[in-house]
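So you can see what is in the structure, the chains are spelled out below.
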Amino acid sequence: MMDRPKDGPLALLLLLLGHMISALEVPLDLPQPPTITHQSPKDYIVDPRENIVIHCEAKGKPHPSFSWTRNGMHFDIDKDPKVLMRPGSGTLVMDISGGERSEAYEGIYQCSAHNELGTAVSNSIVIRQSRSPLWSKERISPIIAQKGQSLILHCRPPAGLPPPIIFWMDNNFQRLPQSRRVSQALNGDLYFSNVQPEDSRSDYICYARFPHTQTIQQKQPISVRVLDMDSLNDTLADYLNDTDLFSDKPAEERAPVFMVPSESVSSKMVLRGEVLEMECVADGLPTPAVSWVKRNSEIPSGRASFLNFNKTLRIMDVSEADAGEYRCFAKNRHGSVHHSIRVTVNAAPYWISAPRNLVLAPKEMGIITCRAAGHPKPSIRWLVNGLPIEDAPKDPSRRVEEDTLIFSEVQTGSSAVYQCNASNLYGYLLSNAFVNILAEPPRVLTLPNIIYQVIRNKPALLECVVFGSPVPTITWFKDSRSSMLEGNAYVFHENGALEIHMSQPSNSGKYTCVARNNLGISENHVYLEVKEPTRILRPPEYQVVQRNRDVVFECKAKHDPSLVPTMTWLKDDRELPDDERFRVDSDRLTITDVTESDAGTYTCIMNTTLDQDSASAQLTVVEQPGVPTDLELTDPGARSVQLTWTPGDEHNSPIKKFLIQYEDALHQSGVWHNLTEVPGTKTTAHLKLSPYVHYSFRVLALNDVGFSHPSMPSRQFRTSPAAPDENPTEVKGHGTEHNNLVITWKPLTPLQANGPGLQYKVMWRQLDMEKDWTSVSVANVSKFVVSGTPTFVPYEVMVQALNDYGPGPKPSAVIGYSGEDFPSAAPGNVRILVLNSTLAEVHWSPVSLESVRGRLQGYKVHYSRERSLHRHNSHQGKQRTEIFSPNKTSGMLPDLLPYSVYSLRVTAFNGRGEGPSSVPQRFEMPEGVPGTPSFFKVSAIDLDSLTLEWGPPHERNGRLSGYTFKYQTVNSKNDLGLLEELDLPSNQSSFTLHNLSHSTRYKFYISARTQRGSGPTLTEEAVTILDRAMVSPQVDIATQGWFIGLMSAIALLILILLIICFIKRNKGGKYPVKEKEDAHGDPEIQPMKEDDLTFGEYSDEDHKPLKGSRTPSSGTVKRDGSDDSLVDSGDTQFNEDGSFIGQYSGRSDRDATHDSSEPPSPVNAMNSIV
């Protein structure tokens, strides 16, 4: 072995040079020694039912040939017709389909691939056949164990290759339930910390599954019977006259003792990178809890897990830092015990720097390093072309320095494959690296015109893979060859790649890489596109939902518009369950009918071809708490007991409180009552009880979702009888007749009775009149009637509870009164003061206290209308009553009718009823303003005259003094003209207006008067048209057959009008289509009478003003509505001579202020059409 060079800078240069050229890949069209590309694993276990295939693939130029050794000797495949080598490769196939045994081919195999430039070798491959031996026959006796004892059921499976997987099942192939008390150890045995009667069964079966052959074998079933010695002794003692047949005492509670490991300290060795498993199984009663610690350090949380109910500690991917002392603790209420496990970590060899291929030009220098670590430290051994380097031909350009090969002034023809073997006690590493001597001009291996896409602010890596010998130098240019890229914004990697740390849109463009050596030059072009990042704008939010409800997660994102996004949802970092309840839309996830298993972390991932963004939210599924269990009664007292229970599952919502209910089987079986509540943090309650109750208790838990189902009832707890602790409540005394006193009370409940024979002692005496109490005892009632009492006098009343065990506490007295009688006197000095035509005030003198004969509750004023003072209306009204408080001596009588005679009487009343009435009083109400006229109609006489008729008001409210009549014109813009007013005598019922303008609309107003003033106004409108007047009719004729036909004709006429308008507008003319709407009164429509050419009249039976009417102000008034146009109106008739009468019905809520170019009246509109 040659000495390491003393020249430090030269050695550093060689290291850098070796590192640079090691990244070179030799194109397959150039000469190169063999390289192993695929081989079977070092430890290869084969299935005996299948052909054996040992892989060995290699590349090289020229293509390599292959040979094998077996157990260190040359393996001549030509001698065994069952062994074939695949064409073009070194892979061996052993055909055992003809019945050959695969054991015959077990051994250590190694493959060699060689061409004229060198030889590469594979790892040593150990071939072993998988084995799944049968279980040895054995007779297993039934096991009888005493309740509480520990127990081990041994499995002892047959040794297999690889070792089998062990599990315990029953005859029905169901896995046996395991718990903190019963669990399977790492060796497959089943451990019971303490046995219970429910462990008795005859089908404990251990199964072994051999993974390579996929076969399962089972052990003979084991029968276990657990004896409960307490129950057995009690039963036999009763049967055998208290003889204790089984003298052995039952297993008592005890402190923990470790069953595995059996000693107090143990040790364990594990290799680096493997899995460390340690276990502690403890015997104890109650069942011990197991915990783990690492002395002077922490257990690695990321790689450690606690399995098998905390009895097993597993650490994955062990490192040297995991060495140390671990302690497991087993603890119950009787004590604790611990066990120490000292862990040492050794290591098979692992690479620090594996050898890499080296390509050199003639006269160049280079190095190959082989650095490995392990515990113990591995030794390094070099080979060349499969032979120890010391046995290989000497090469003056090569020297060995421990883990480094140094080459200098290499010559053509010195190419070879070197092997480095690093080994220690626990394994070995073997790696091939060739030295290839070539002289080649540069060539760019990266495909041309590649488009790289990268996200803004992310690094971009533009590849320029080149090959050349000597190693080419690489330069980069952007967009043009004018300037070379340089500066801190760029990183130039040794393999030729160009890296941009923070890509920006300005970095987009064309890039050129140029490779040069002393033999030539080569270049390549690539393109960079910088895209906008994908971002989640609205992430999903934390959700708390009740079971069986629906939940929605939203996830809104943005992305570069040139990229195609896909939204993916995960649950707990896995795919969503294949369940139709999960519905994914474009930006949301909906889960319907949520179950407990849906709880977890939901992540939305927005993916593009370049990047992704994700956001997560937790889903917590809540529901009512689980049912409390294990109710236990302790510390019994005369009137108390302590109740304890075990809470059920909180179901992700903390328990806020527990509700304790009881059932009284003695008095009210099957009915549960609330007793008390305790906070959710407690599981014990001290219950205060009542005597003489057969209690059963149950517990309900409450969280934010609601109450749990009730627990199973506790055992019954009975309390002894006692005298009552309380007396009846709500004791009252009152009379129902003038000579009695009724004493009532709220009876005690059975729970309050405290014992059998419940009675009530009722006591009374007249207040301040009697010294001694009168009493009576009653049962099963809640009232008692005392007869023969004076009228309405105070009594002291008491009710005391008593039972067979004595009386209750002394009761308190309450004051009650005997019965009332009707008042004996009427209010006097009744006076009436009339305030206006509808309101009067009545006064009276109060009755004396002696005449009330009870508690005065007030006064009643009864009054009614006897008749009207008008001879035309004299009907009577029904009686009305006003009630006033007892301290009142006057009151108002509202809503009286004017010009009427009323009668009135006053009474006093108490709890029994009304006393005698006062002497009836009569009074008259003065006149008031009259009501509206009973009807108002307008009829036509000739071209310029209209006749108006009306009827007197139904409610005259006095003597009519006359009528006020007003009228005014209405133009096409709904402006009201000058208001004319006439006074007409009261005996007149019609009037004719002459000299009116034809084709003009008028509005008329009429109201009746008395001496008190004018009443409400009735309005009508009419239009003088040729020799007819159009007025607002009052009867709806829209359902008349003739009217429907008329409307159809008008619709046709309107259609013709619209066509003419359209033609004229196309010729440039202007023609209005829509006229203004009417904004005044809204009377109903009534057909015209043919015989007298008059219109139907308006009837005011409801005493309401005409809808849409208004009282005019003086002067010209702007109206609220607009005229109905000919096109708009459907209420139009034509007379026999061709003229028409348009019937207008008033419409409210229409715009009446806009201008119009329409004809001013329906007549003008008709003339326009003609």
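Keep in mind that what you see is a predicted model, and the values were worked out from it rather than measured.

**Digging into the nonpolar core**
The biggest cluster of nonpolar side chains holds 29 residues, and the ones touching the most others in it are Ile54, Trp68, Phe75, Leu92, Met94, Tyr109 and Ile127. Of all the elements in the fold, those that place two or more residues in this core are strand E2 (43-46), strand E3 (52-54), strand E4 (56-61), strand E5 (65-70), strand E8 (92-94), strand E9 (107-115) and strand E11 (125-129). Those residues within four positions of Tyr109 in sequence are excluded, and the remaining contacts are Ile54, Trp68, Thr69, Arg70, Phe75, Met94, Asn123, Ser124, Ile125 and Ile127.

**A few points about the state of the cysteines**
Counted under the stated rule, the structure contains six disulfides. Disulfide pairing places Cys56 opposite Cys111 at an S-S distance of 2.1 Å. Here the S-S torsion is close to -70 degrees, and the disulfide linking Cys56 with Cys111 is therefore left-handed. Placement of Cys56 in strand E4 and of Cys111 in strand E9 is noted, with a sequence separation of 55 residues between them. Accessibility assignment for this pair places Cys56 and Cys111 in one class, buried. The disulfide bridge from Cys464 ends at Cys513, spanning 2.1 Å between sulfur atoms. Looking down the S-S bond of the Cys464 and Cys513 bridge, the torsion is 70 degrees, so its handedness is right-handed. Taken as a pair, Cys464 in the loop between strand E40 (460-462) and strand E41 (466-469) and Cys513 in strand E45 (residues 509-517) lie far apart in primary sequence, 49 residues in all.

**Some remarks on the sheet that holds strand E53 (residues 582-584)**
With antiparallel pairing, the three strands of this open sheet are ordered in space as E49-E54-E53. Lying at the two open borders of the sheet, with one neighbouring strand each, are strand E49 (551-554) and E53. Taking each pair of neighbouring strands and ignoring which way they run, the sheet shows an average axis angle of 15 degrees. Pairing of E53 with strand E54 (residues 588-591), which is carried by three bridges, proceeds in the antiparallel orientation.

**Side note on the packing of aromatic side chains**
To describe a pair of aromatic rings, one takes the distance between the centres and the angle between the planes. Taken as a whole and assessed by the stated rule, the structure comprises 23 aromatic pairs. A centroid spacing of 6.2 Å and a plane angle of 50 degrees characterise the contact between Phe173 and Tyr207, whose relative ring orientation is tilted. Placement of the pair is Phe173 in the loop between strand E14 (165-169) and strand E15 (182-184) and Tyr207 in strand E17 (residues 201-210), with a sequence separation of 34 residues. The exposure class of Tyr207 is buried, given its relative accessible area of 4%. Lying across the ring of Tyr817, Arg855 places its NZ or CZ 5.3 Å from the centre.

**Remarks on the sheet that holds strand E13 (residues 151-153)**
Taken in spatial order, the three strands of this open sheet run E13-E16-E15, and their pairing is antiparallel. Of all strands in the sheet, those with a lone pairing partner are E13 and E15, marking the two edges. Taking each pair of neighbouring strands and ignoring which way they run, the sheet shows an average axis angle of 20 degrees. As paired strands, E13 and strand E16 (residues 190-192) are joined by three bridges and run antiparallel to one another. Following the sheet pairing, Ile152 is matched in E16 by Tyr191.

**Things to note about the environment of Ser787**
In this fold, Ser787 is placed in strand E68 (residues 783-787). In the structure, Ser787 is positioned 50 residues away from Glu737 in sequence and 9.0 Å away in space, judged by C-alpha atoms. If sequence neighbours within four positions are ignored, Ser787 has contacts with Asn739 and Asn740.

**Here we look at the pairing of strand E18 (residues 215-218)**
Where E17 and E18 come together, four bridges link them in antiparallel fashion. Pairing of Tyr207 across the sheet is with Gln218, part of E18. Connecting E17 to the next strand, E18, in antiparallel fashion are four residues, including Gln214 with a positive phi near 55 degrees.

**Comments concerning the pattern of salt bridges**
Overall, the coordinates contain 42 salt bridges when judged by the stated rule. Close ionic contact of Arg49 with Asp47 constitutes a salt bridge, the shortest N to O distance being 3.0 Å. A relative accessible area of 56% means that Arg49 is categorised as exposed. Exposure remark for Asp47: the relative accessible area of 10% places this residue in the buried category. Each of Glu737, Asp821, Arg853 and Arg912 takes part in one network of salt bridges that share partners.

Cut-offs and rules
- Residues numbered from 1 in each chain as written.
- Predicted model: local features only at pLDDT ≥ 70, side-chain atom pairs only at ≥ 80, totals over all residues.
- Heavy atoms only, no water.
- Core = buried A, V, L, I, M, F, W, Y, C linked by side-chain atoms within 4.5 Å.
- Buried < 20%, exposed > 50% of the residue type's maximum accessible area, 1.4 Å probe, protein only.
- Helix = DSSP H or I, 4+ residues; strand = E, 2+ residues; numbered from the N terminus.
- Contact = heavy atoms within 4.5 Å.
- Disulfide = S-S within 2.5 Å.
- Pairing = 2+ DSSP bridges.
- Axes fitted to C-alpha atoms, helices over the stretch in contact; angles between N-to-C directions.
- Phe/Tyr/Trp six-rings, centres within 6.5 Å; stacked < 30°, edge-to-face > 60°.
- Lys NZ or Arg CZ within 6 Å of the ring centre and 35° of its normal.
- Salt bridge = Lys/Arg side-chain N within 4 Å of Asp/Glu carboxyl O.

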